[in-house]
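An overview of the molecular structure
Next come the chains, spelled out residue by residue.
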Amino acid sequence: MLGNLFQKKSKAVVGIDISSHSVKLVELSRSGNRYQLEAYAAEPLPQGAVVEQSVADEAAVSEVIKKVFAKSRTNCKQAAIAVAGSAVITKVIQLPAGLSEFDVENQLHIEADQHIPYPIDEVALDFEVMGPSQTSTELIDVMIAACRRETVDRREDAVNMYKADTVSIIDVEAFALERAFGLIEPQLPGGSSLVALVDIGAYNTTLSVLERGNIVYTRDQSFGGQLLTEEIQRRYGLSQVEAERDKVEGGLPADYQAEILNPFKDNIVQQISRALQFFFSSSQFNTVDAIVLAGGTASINGLSRQVEENLGARAVTANPFADMKITRKVNAAKAQNDAPGLMVACGLAMRSFD
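Described below are features of the structure shown in this document. Keep in mind that this is a model prediction, so the values were computed, not measured.

**Describing the overall build of the chain**
- Check the secondary structure of the chain and you find 10 helices and 16 strands.
- Rg of the C-alpha trace for the chain: 21 Å, near the compact-globule value of 20 Å for 354 residues, within the 12% margin.
- For the chain, the C-alpha atoms occupy an extent of roughly 70 × 50 × 45 Å along the three principal directions.
- Split into buried and exposed, the 354 residues of the chain put 50% on the buried side.

Here it is as structure tokens:
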């Protein structure tokens, strides 16, 4: 099974987002309908630890996970992690109504070869019964999710090397983003039923289109903030660590804005426009009501305004903490600054309340 992907959990978990560039941890609590940020931390990964969204060096990732647990000062012992959506096959199939969960699982394993292009013994598989099928009262819709077992095991092992049995939930990044979108939705203008959520990471950008809060389209492309870091390195003769630091903290030469940052922002707008055109060409839609910018690169000053002006849709920078209380042990200013890059970690932490 895919590590309790669809299983409901009441035990508190921290969300740990292992990206290609860093590890981010978020712990949430909830009182009524309001969440509180209890703890968070983020630490960069050494180069090559995660390659093309797959963990390549479990020991290196585990060392960074140890740092984020210590830095966050969380008391939570369990974690939810996620695999990249591009590594997961999801499909809705129909099965006879009235089957027990045990019978559904057995039937899926029998029919897996028809739906999954990998040998069943190399796959981690999970499912959720979604309810009666619209095609027949004698059938039920079942969502299956499958991922190569090696991909799941490498992420799980990296966390459990820090402390055994820490991982209690394995999710999919797209599902975590969809869950975290519920924190953003109140910040959007009224009537925003079709929203483009653009997650700009270090190496990859993911466009997820949500219709009434549910993802209906996802597309990944190779583009991210690392391109800006590399251009800073090249132009000013800096190391990657120095370039990354100065990109975030400032202190770059006077020509940085005009010569490097503005062209990069133009490139982001072009990438988003291109991704949206792919969506429009494959659907009945030709516009979106709003664009939400997430990921660490979304924090670039003025980016949302430029996207809005060029693409003609209201654009906002994701802030999952906007309506949250923040505990005193968290640096509130830093949390707000890092918020756009913590959407996946927040969505994973929200598994505590399923």
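Let's pick the thread back up.
**A look at the pattern of salt bridges**
- One pass over the full model with this rule turns up 14 salt bridges.
- Here glutamate 244 ties to lysine 247 by a salt bridge, and the two come within 3.4 Å at their closest N and O atoms. Of this pair, glutamate 244 and lysine 247 are both found in helix α6 (residues 240–249), three residues apart, which corresponds to roughly one turn of the helix.
- Salt bridges here are not isolated pairs; linked through shared partners, they connect Glu58, Glu150 and Arg154.

**Describing the pairing of strand β15 (residues 314–317)**
- By the bridge criterion, four bridges tie strand β14 (residues 290–294) to β15 in an arrangement that is parallel. The partner of isoleucine 291 across the bridge, within β15, is alanine 315.
- With helix α8 (residues 303–311) bridging β14 and its parallel neighbour β15, the resulting β-α-β unit is right-handed.

**A word on the packing of aromatic side chains**
- Scanning all chains against the criterion turns up six aromatic pairs.
- Between the aromatic rings of phenylalanine 69 and tyrosine 162, the centroid separation amounts to 4.7 Å while the plane-to-plane angle is 20°, which identifies the pairing as stacked. Residue phenylalanine 69 is located in helix α1 (residues 58–72), and its partner tyrosine 162 is located in helix α3 (residues 149–162); the two are separated by 93 residues in the primary sequence.
- Geometry around tyrosine 118 places arginine 148 over its ring, the cationic atom sitting 4.7 Å from the centre.
- In this structure, arginine 219 packs its charged tip against the face of phenylalanine 278, placed 3.7 Å from the ring centre.

**A look at the nonpolar core**
- Ile16, Ile18, Val23, Val61 and Ile65 are the most contacted members of the largest nonpolar core, which has 33 residues in total.
- No other element matches the six residues that α1 contributes to this core.
- Residues in contact with isoleucine 18, not counting those within four places in the same chain, are Val23, Val50, Val55, Val61, Ile65, Arg155, Val159 and Glu173.
- Listed in part, the 32 residues of the second largest apolar core include Leu207, Tyr217, Phe223 and Ile232.

**Brief notes about the packing of α1 against α3**
- With their axes 8 Å apart at the nearest point, α1 and α3 run at an angle of 55° to one another. Compared by their axis directions, α1 and α3 come out oblique. As α1 runs across α3, the sense of the crossing is right-handed. Residue-level inspection shows Glu58, Ala59, Val61, Ser62, Ile65, Lys66 and Phe69 of α1 in contact with α3, the latter providing Arg154, Asp157, Ala158, Val159, Met161 and Tyr162.

**Some words on the environment of serine 299**
- When you line up the elements, serine 299 lands in the loop between β14 and α8.
- In contact with serine 299, not counting residues within four places along its chain, are Asn337 and Pro340.
- Within polar-contact distance, the side chain of serine 299 engages the backbone oxygen of asparagine 337 at 3.3 Å.

**Examining the sheet that holds strand β3 (residues 34–44)**
- Spatially, six strands are ordered β10-β6-β1-β2-β3-β16 in an open sheet, and the strand pairing comes out mixed. Edge strands, defined here as strands with exactly one partner in the open sheet, are β10 (167–172) and β16 (325–326).
- Judged from the two bridges that link them, strand β1 (residues 14–18) and strand β6 (residues 79–83) form a sheet pairing that is parallel. In the sheet register, glycine 15 faces β6, and the bridge partner there is alanine 80.
- Contacts from α1 reach β1, β2 (22–31) and β3, with the element oriented near 135° to β3.
- Strand contacts of α3: β1, β6 and β10, with the helix running at about 150° to β6, the strand carrying the most contacts.

**As for the sheet that holds strand β11 (residues 194–200)**
- Strand order in this open sheet of five strands is β13-β12-β11-β14-β15, and the pairing throughout is mixed. At either end of the open sheet lies a strand with only one pairing partner, and these are β13 (214–221) and β15. Across this sheet, the average inter-strand angle for adjacent strands is 20°, counted without regard to direction.
- Across the sheet, α8 is in contact with β11, β14 and β15; its angle to β15 comes to roughly 165°.

**As for the environment of glycine 347**
- Summarising the element assignment, glycine 347 is placed in helix α10 (residues 343–349).
- When its relative accessible area of 0% is taken as the criterion, glycine 347 is described as buried.
- Distance from glycine 347 to glycine 182, taken between C-alpha atoms, is 9.1 Å for residues 165 residues apart in sequence.
- Discounting chain neighbours no more than four positions away, the residues touching glycine 347 are Ala176, Arg179 and Ala180.

Reading the values: rules and limits
- Residues numbered from 1 in each chain as written.
- Predicted model: local features only at pLDDT ≥ 70, side-chain atom pairs only at ≥ 80, totals over all residues.
- Heavy atoms only, no water.
- Helix = DSSP H or I, 4+ residues; strand = E, 2+ residues; numbered from the N terminus.
- Rg over C-alpha atoms; globule rule 2.2 N^0.38 Å.
- Buried < 20%, exposed > 50% of the residue type's maximum accessible area, 1.4 Å probe, protein only.
- Salt bridge = Lys/Arg side-chain N within 4 Å of Asp/Glu carboxyl O.
- Pairing = 2+ DSSP bridges.
- Right-handed = clockwise from strand over helix to strand, strands pointing away.
- Phe/Tyr/Trp six-rings, centres within 6.5 Å; stacked < 30°, edge-to-face > 60°.
- Lys NZ or Arg CZ within 6 Å of the ring centre and 35° of its normal.
- Core = buried A, V, L, I, M, F, W, Y, C linked by side-chain atoms within 4.5 Å.
- Contact = heavy atoms within 4.5 Å.
- Axes fitted to C-alpha atoms, helices over the stretch in contact; angles between N-to-C directions.
- Parallel < 35°, antiparallel > 145°, perpendicular 65-115°, else oblique.
- Left-handed = near helix turned anticlockwise from the far one by under 90°.
- Polar contact = N/O pair within 3.5 Å; in protein donor to acceptor, adjacent residues only side chain to side chain.

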